[in-house]
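One-letter residues, chain by chain:
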Amino acid sequence: VVVNPTLDRTAVADGLKRVVGGFIDPRKPSSPTMPSVGITEAIEISEHNNTSVRDAAVARECADAGRAIQSGEYGLYSNAIGMYNTKCSTDLMAAARLIASQTQGTTQRQISSLSNTLAAMRGAPGLKQMMVVSQGIATTREFLSLFEPVTRTAAAAGVQLSVLMEDEDDGDVTNQAKAASELGQSIKDTGLAARRREDRRMFAAALQSLADVSGGTFERMISNPDGAFKRAAIAGSAVYRIGVDAPSDASASRPIDVSATVSRGGCSVHANRSAMLPGAVVQPSTAELVSAAIRRGQPAYAVPVRAAVTRRQAPGQQVEVGVGIEVPAAVAGPLKVTIGLINEAGELKQGARAVPAPGDRGDYRLTVPMPVAPGRYRVRLAVEDATGGVGSVDTEVDARLTAMGAVNVSDLLTWWKDGSGRPQFLALDDVPPGVTNLSAGIELYKPAGQSFPADLKVRLSLLAAGGSTPVAEVDLTPRADGEVLRAEATLPLASLTPGSYVIRATVTAGPQRLGDVSTTIRKN
């Protein structure tokens, strides 16, 4: 999942819910008879031709029936020399090359992702930090050259890195081995478990080096990362910027090596080891910014904008995607929003709308319904203000309705009424100040040629986020409106304390629970 840097918390939260990955451990032998090779070993053997590591691995994995290797004329691993042409040693070398190749591809993708994200943050104003949560980066040498794209892009974008690594109980046997050696005993190498411990140390060393060369911080976390995020927020709440004359041979295309120290006791300094000479900046026009945001998804930050999407059925077997947009009242109007819709084939449709002046609840709000064929889409928004500033949002939309047995259901819709009594669609989670009653409901649709199940009911519940006991609850019998059934109710908010709440609609047919849909609201 890719979500462009954005102030739209809804898009970020939705993206985080769908971040999934599958990891196939390249160290795991394909069969019990195959040798075990660690990632650290594979890199050293395959990429750096480290004969000492190679000999140790062959001696460990290819000893005859577990027979201990004896020290010989040429040292501890001399017996391994005669084993290089055996099937075991051939398999070991092949495994090392395969693991190193797979790992190198993963590492390059990590570096590319970090660099691309940093580059996307370049246009954001103010102080910027990127929090990287990682299990590690696989490399044993040449940290500076490997991380140069990251450090260079961070310097050009003005972003500080904070790197977090989830800590694990590695069960390090270093002290046990030392004690056993002093007692004249030995601890048998535990194979893959030992390789994992070696690799874990290598992953951590690489992350520490990344933080060091980029002027960031490195921290291990055990379970709850809140403390690390708070410390990063404090560290990034202010920075010192020091200006010096650039060397006479400096150019905008070549990074300059820098170092920074602090003489005051009890203080430390974190500074990127690379600096970039600012080049000539050509400011794009408003039209160019809007075109880049819609056609390429390039983020723009001059106008803070939030957006959310809901789905309901539209005529002709289509799905109505309702895009709700909100801009703070402090932004200079009038505003214009350009909306781009991109289907799975990459085809773009776009249009523009004027955003009405802020109403009695203070902010600019606009809801745009778009009927589309079921499928996946990207929705891109670009909002222009009266000064020519542009803000943008880029989000992915699955334009398919929720199926509950033979019934299709809309998203849970929420709305409130303004001072003139007109209903206002609440696409986002923030309830406007002064709203004391919020309406909520769902629509139910039957497949063509079929009837609705008997005894359909909807229970609408309001719960504190993370709670299980409803604050308010109402049972509804959906009313027919043509081919659609609607279940709606008004929920009182005046007595609620500030915080986040969940509205949930549970659909039943007699004793059978068909499913539920929910949405989150936040009362400030």
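So, here's what we can say about the structure.

Rules used in this analysis
Residues numbered from 1 in each chain as written. Predicted model: local features only at pLDDT ≥ 70, side-chain atom pairs only at ≥ 80, totals over all residues. Heavy atoms only, no water. Pairing = 2+ DSSP bridges. Helix = DSSP H or I, 4+ residues; strand = E, 2+ residues; numbered from the N terminus. Axes fitted to C-alpha atoms, helices over the stretch in contact; angles between N-to-C directions. Core = buried A, V, L, I, M, F, W, Y, C linked by side-chain atoms within 4.5 Å. Buried < 20%, exposed > 50% of the residue type's maximum accessible area, 1.4 Å probe, protein only. Contact = heavy atoms within 4.5 Å. Parallel < 35°, antiparallel > 145°, perpendicular 65-115°, else oblique. Nonpolar A, V, L, I, M, F, W, Y, C, P; charged D, E, K, R; others polar. Phe/Tyr/Trp six-rings, centres within 6.5 Å; stacked < 30°, edge-to-face > 60°. Salt bridge = Lys/Arg side-chain N within 4 Å of Asp/Glu carboxyl O. Polar contact = N/O pair within 3.5 Å; in protein donor to acceptor, adjacent residues only side chain to side chain.

1. Let's talk about the sheet that holds strand β3 (residues 217-221)
Read across the open sheet, the three strands follow the order β1-β2-β3; overall the sheet is parallel. A single partner strand is all that each edge strand has here, and the edge strands are β1 (128-134) and β3. Here the strands of the sheet are splayed against their neighbours by 20° on average, with no regard to which way each runs. Pairing analysis gives seven bridges linking β1 to strand β2 (residues 159-166), with the strands arranged parallel. Looking at β2, one finds that K128 is bridged to V159.

2. Remarks on the pairing of strand β19 (residues 470-476)
The pairing of strand β18 (residues 456-464) with β19 spans six bridges and is antiparallel. The partner of L463 across the bridge, within β19, is P470.

3. Details of the nonpolar core
M130 and F147 are the most contacted members of the largest nonpolar core, which totals 38 residues. Sorting the residues of this core by element identifies α2 (39-46), α3 (51-61), α4 (87-120), β1, α5 (143-157), β2 and α7 (192-213) as the ones contributing at least two each. Beyond its immediate sequence surroundings of up to four residues, F147 is in contact with I111, I137, T139, A206, S209, L210 and V213. Formed by 31 residues, the second largest nonpolar core is a distinct cluster that contains V407, L462, V507 and I521.

4. Thoughts on the packing of α2 against α7
Pairs of packed helices are described in terms of their axes, by the angle between the two and the distance that separates them. With their axes 7 Å apart at the nearest point, α2 and α7 run at an angle of 75° to one another. Taken together, α2 and α7 sit at an angle that is classed as roughly perpendicular. Taken together, the residues of α7 that come into contact with α2 (itself represented by I39, T40, E41 and I43) are R195, E198, D199, M202 and F203. Across the contact of α2 with α7, the residue classes break down as four nonpolar, one polar and four charged.

5. Quick word on the packing of aromatic side chains
A complete count under the given rule lists one aromatic pair for this structure. Ring centres 6.2 Å apart and planes at 15° place the aromatic pair F143 and F147 in the stacked group. Within this pair, F143 and its partner F147 are both found in helix α5, separated by four residues, close to a single helical turn. Note on F143: relative accessible area 23%, which makes it partly exposed.

6. Some details on the pattern of salt bridges
The final tally for this structure, using the stated rule, is 25 salt bridges. Across the pair R195 and E198 runs a salt bridge whose closest N-O atoms are separated by 2.9 Å. One end of the pair, R195, and the other, E198, are both in helix α7, three residues apart, so they sit about a helical turn from each other. By relative accessible area, R195 is classed as buried at 2%. R312 is the salt-bridge partner of E320, the closest N and O atoms lying 4.0 Å from each other. Assessed through its relative accessible area of 22%, E320 is described here as partly exposed. Taking the relative accessible area as the measure of exposure, R312 reaches 26% and is therefore partly exposed. When salt bridges that share partners are traced, they join E41, R60, E61, R195 and E198 into one network.

7. Quick word on unusual backbone geometry
Geometrically, the link from G333 to P334 is a cis peptide bond, its omega value of 5° lying close to zero. Following the sequence through the fold, P334 ends up in the loop between β7 (318-327) and β8 (335-342). The residue E142 is not glycine, and still its phi comes out positive at about 55°. Position of E142 among the secondary structure elements: in the loop between β1 and α5. Taking the relative accessible area as the measure of exposure, E142 reaches 56% and is therefore exposed.

8. Considerations on the environment of A154
Within the secondary structure, A154 sits in helix α5. Setting aside anything within four residues of it in sequence, one finds A154 in contact with L118, V159 and N272.

9. Considering the environment of E198
E198 sits in the partly exposed class, given a relative accessible area of 27%. For the pair E198 and G38, spaced 160 residues apart in sequence, the C-alpha to C-alpha distance is 7.7 Å. In contact with E198, other than residues within four places in its own chain, are T40 and E41. Within the structure, E198 has its side chain in polar contact with the side chain of R195 (distance 2.9 Å).

10. Considering α3
Considered for burial, the residues of α3 that qualify are D55, A57, V58 and A59. Residues of α3 that are buried in the fold lie against α2 and α4. Capping of α3 at its N-terminal end is provided by N50; its side-chain oxygen lies 3.1 Å from the backbone amide nitrogen of S52.

11. What to know about the sheet that holds β8
Working definition: the strands of a sheet are paired by backbone hydrogen bonds and lie parallel or antiparallel to each other. Taken together, four strands build an open sheet; the order of strands is β9-β8-β11-β12 and the sheet is antiparallel. With one partner strand each, in any of the chains shown, β9 (348-355) and β12 (390-399) form the two edges of the open sheet. Adjacent strand axes in the sheet meet at a mean angle of 20°, parallel and antiparallel pairs treated alike. In the sheet, β8 pairs with β9 via eight bridges, with the strands oriented antiparallel. Across the sheet, I339 pairs through a bridge with G351, a residue of β9. With respect to the sheet, helix α9 (residues 286-295) is in contact with β8, β9, β11 (375-384) and β12, its orientation differing from that of β11 by roughly 165°.

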